[in-house]
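# Notes for the structure review
The lines below spell out each chain.
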Amino acid sequence: MARLTVCLAGLGLALGVIAPGNDDAPPPGGLGGLSRLSRARTRSISPENFTGEKGKGGMATEGTGAKAARDLGRGFKISPSVKIKPGETFIMGSVEGAGVIQHIWMTPTGPWRSFLFRIYWDGEKDPSIETPVGDFFASGWGGYAQISSLPVCVNPGSAFNSYWEMPFRKGFRMTMENRGHEEQTLYYQVDYALGPVPEDAAYLHAQFRRTNPLPAKRDYTLLDGVRGWGHYVGTYLAWGVRSNGWWGEGEIKFFMDGDDAFATIVGTGTEDYFGGSYNFENQATHQYQEFTTPYSGLSQVIRPDGLYRSQQRFSLYRWHVMDPIRFERDLRVTIQALGWTKDGRYLPLQDDIASVAFWYQREPHAPFPALPDADALAVN
């Protein structure tokens, strides 16, 4: 019998799934499974093949590249992108059957907070992934910063890449909503494989939140109301400070499976959770030091310019690829916003904090909180 251990594609994180006799399923992710043959069918949806059908790519006769290809004709990059009008929700792809999304690449124009990215699994009414597009790719402040992590890469210039494994059983629908005031362009490609999905493979979820400003002495909530069986796999934070001094003394807390006032997992500080220490300070320059690694990073520091850019802003990510936070019934995740007073006491902060929480669980999932309106989402 064939043995299949399902892994996060490209990440090497085994989910502990054994699927006997399943030669049609995609082989394990990572280099360890790269040599194994499979009868899974590789497909891709993009503006050059909206349906992902076999042998149907590059057939467009009209599109955003038609003028440039007017002397070459069909098959020469007629439809490399799409235009999305203000208020329009564009269906990037709608696929039927079982399989797994293995890679998403896209380049959106315009303000990234005004493009809302959603994925619906298996015909569900409410999306399992709902977040502004930049924040999904750990880029919440609307400007390019390189990220070289395992599940998310952001490459020159402003190219978003996701390698999160996303299984589906009946199909998926992927959309992009333009909440901005102008028509925007979207380039994208979604690579997936069709084939059987093991019974205990869970669905990826991603939820955006923002509190601006955070009320004093109140913890920021990254995730709440999760019910079911699953594991937490990632945190992205876009943190805008509103005061002088160090802002990262707060502890992240994971309340799981009935925890009430006190959590089971409590970190020792914000920079500690994101894999750094001592304020992320470069001891030679005495400045914040950006870094991007496979599992954690301070990928962007936006510094004051002495004029209109008055506050510091930070992008931080932490992927629980090697250390997923597993829960069986429920999960809530919070983080404190703490600085220092001049006399050496903790100072509760009132910062601008936005986040995306990533987790896997079985469906159905609890409905997400409503996203803020366009003005409340905007980066100003």
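Note that the structure is predicted; figures quoted are calculated from it, not measured. (Residues numbered from 1 in each chain as written. Predicted model: local features only at pLDDT ≥ 70, side-chain atom pairs only at ≥ 80, totals over all residues. Heavy atoms only, no water.)

## Some remarks on the overall build of the protein
When its secondary structure is counted, the protein shows three helices and 29 strands. At 21 Å, the protein has a C-alpha radius of gyration in line with the 21 Å of a compact globule built from 380 residues. Each principal axis of the C-alpha distribution contributes one length, and for the protein these read about 70 × 55 × 40 Å. Looking at the 380 residues of the protein, the share that counts as buried comes to 51%. Relative to all contacts within the protein whose residues are 6 or more apart in sequence, the contacts with residues 24 or more apart total 71%. About 17,800 Å² of surface is accessible on the protein, with carbon and sulfur atoms providing 50% of the total. Positive and negative side-chain charges of the protein, numbering 37 and 41 respectively, have mean locations separated by a distance of 4 Å. (Helix = DSSP H or I, 4+ residues; strand = E, 2+ residues; numbered from the N terminus. Rg over C-alpha atoms; globule rule 2.2 N^0.38 Å. Buried < 20%, exposed > 50% of the residue type's maximum accessible area, 1.4 Å probe, protein only. Contact = heavy atoms within 4.5 Å. Areas by Shrake-Rupley, 256 points an atom, 1.4 Å probe, with all protein chains shown as cover. Lys, Arg positive; Asp, Glu negative; His and termini not counted. Charge placed at Lys NZ, Arg CZ, Asp CG, Glu CD.)

## As for the side chain of Ser149
Counting through the fold element by element, Ser149 comes out in the loop between strand E9 (147-148) and strand E10 (152-155). There is a polar contact of 2.5 Å between the side chain of Ser149 and the backbone oxygen of Val152. For Ser149, the side chain forms a polar contact with the side chain of Trp319, separated by 2.9 Å. Sequence-distant contacts of Ser149, that is, excluding residues within four places in its chain, are made with Thr292, Thr293, Pro294, Tyr317 and Trp319. (Polar contact = N/O pair within 3.5 Å; in protein donor to acceptor, adjacent residues only side chain to side chain.)

## Section: the packing of aromatic side chains
Any aromatic ring pair is given by two values, namely how distant the centres are and how the planes are angled relative to each other. Here the structure, examined in full by the defined rule, presents 27 aromatic pairs. When the centroid spacing of 4.5 Å and the interplanar angle of 35° are considered together, the rings of Trp247 and Phe314 count as tilted. Of this pair, Trp247 sits in the loop between strand E17 (230-240) and strand E18 (252-256) while Phe314 sits in strand E24 (residues 313-319), placing them 67 residues apart in sequence. By relative accessible area, Trp247 is classed as buried at 1%. (Phe/Tyr/Trp six-rings, centres within 6.5 Å; stacked < 30°, edge-to-face > 60°.)

## Regarding the environment of Gly276
Counting through the fold element by element, Gly276 comes out in the loop between helix H2 (270-273) and strand E20 (281-282). Along the backbone, Gly276 and Ser296 are 20 residues apart, and their C-alpha atoms lie at a distance of 8.7 Å.

## Observations regarding the nonpolar core
Among the nonpolar cores identified, the biggest contains 54 residues, and Ile101, Ile104, Met106, Phe117, Trp164 and Met166 are the most heavily contacted of them. Residues in contact with Trp164, not counting those within four places in the same chain, are Ile101, Gln102, Phe136, Pro151, Val152, Leu204, Val233, Trp319, Phe358 and Tyr360. In this structure, Trp247, Phe280, Leu331 and Ile335 belong to the second largest nonpolar core, which totals 33 residues. (Core = buried A, V, L, I, M, F, W, Y, C linked by side-chain atoms within 4.5 Å.)

## A word on the pattern of salt bridges
Under the defined criterion, the tally for this structure stands at eight salt bridges. Here Arg113 ties to Asp135 by a salt bridge, and the two come within 2.8 Å at their closest N and O atoms. One end of the pair, Arg113, is in the loop between strand E6 (99-108) and strand E7 (115-121); the other, Asp135, is in helix H1 (residues 133-136), with 22 residues separating them in the sequence. Of the two residues, Arg113 and Asp135, both sit in the buried class. In this structure, Glu177 engages Arg118 in a salt bridge whose closest nitrogen and oxygen atoms are separated by 2.8 Å. One end of the pair, Glu177, is in strand E13 (residues 171-178); the other, Arg118, is in strand E7, with 59 residues separating them in the sequence. You'll find Glu177 and Arg118 in the same group, each marked buried. One connected set of salt bridges, linked through shared partners, spans Arg118, Glu130, Glu177 and Arg179. (Salt bridge = Lys/Arg side-chain N within 4 Å of Asp/Glu carboxyl O.)

## Quick look at the sheet that holds E18
Taken in spatial order, the four strands of this open sheet run E16-E26-E18-E19, and their pairing is antiparallel. Each edge of the open sheet carries a strand with a single partner, namely strand E16 (220-227) and strand E19 (265-266). The pairing of E16 with strand E26 (residues 330-335) spans five bridges and is classified as antiparallel. Bridge pairing in E26 links Tyr220 to Ile335. (Pairing = 2+ DSSP bridges.)

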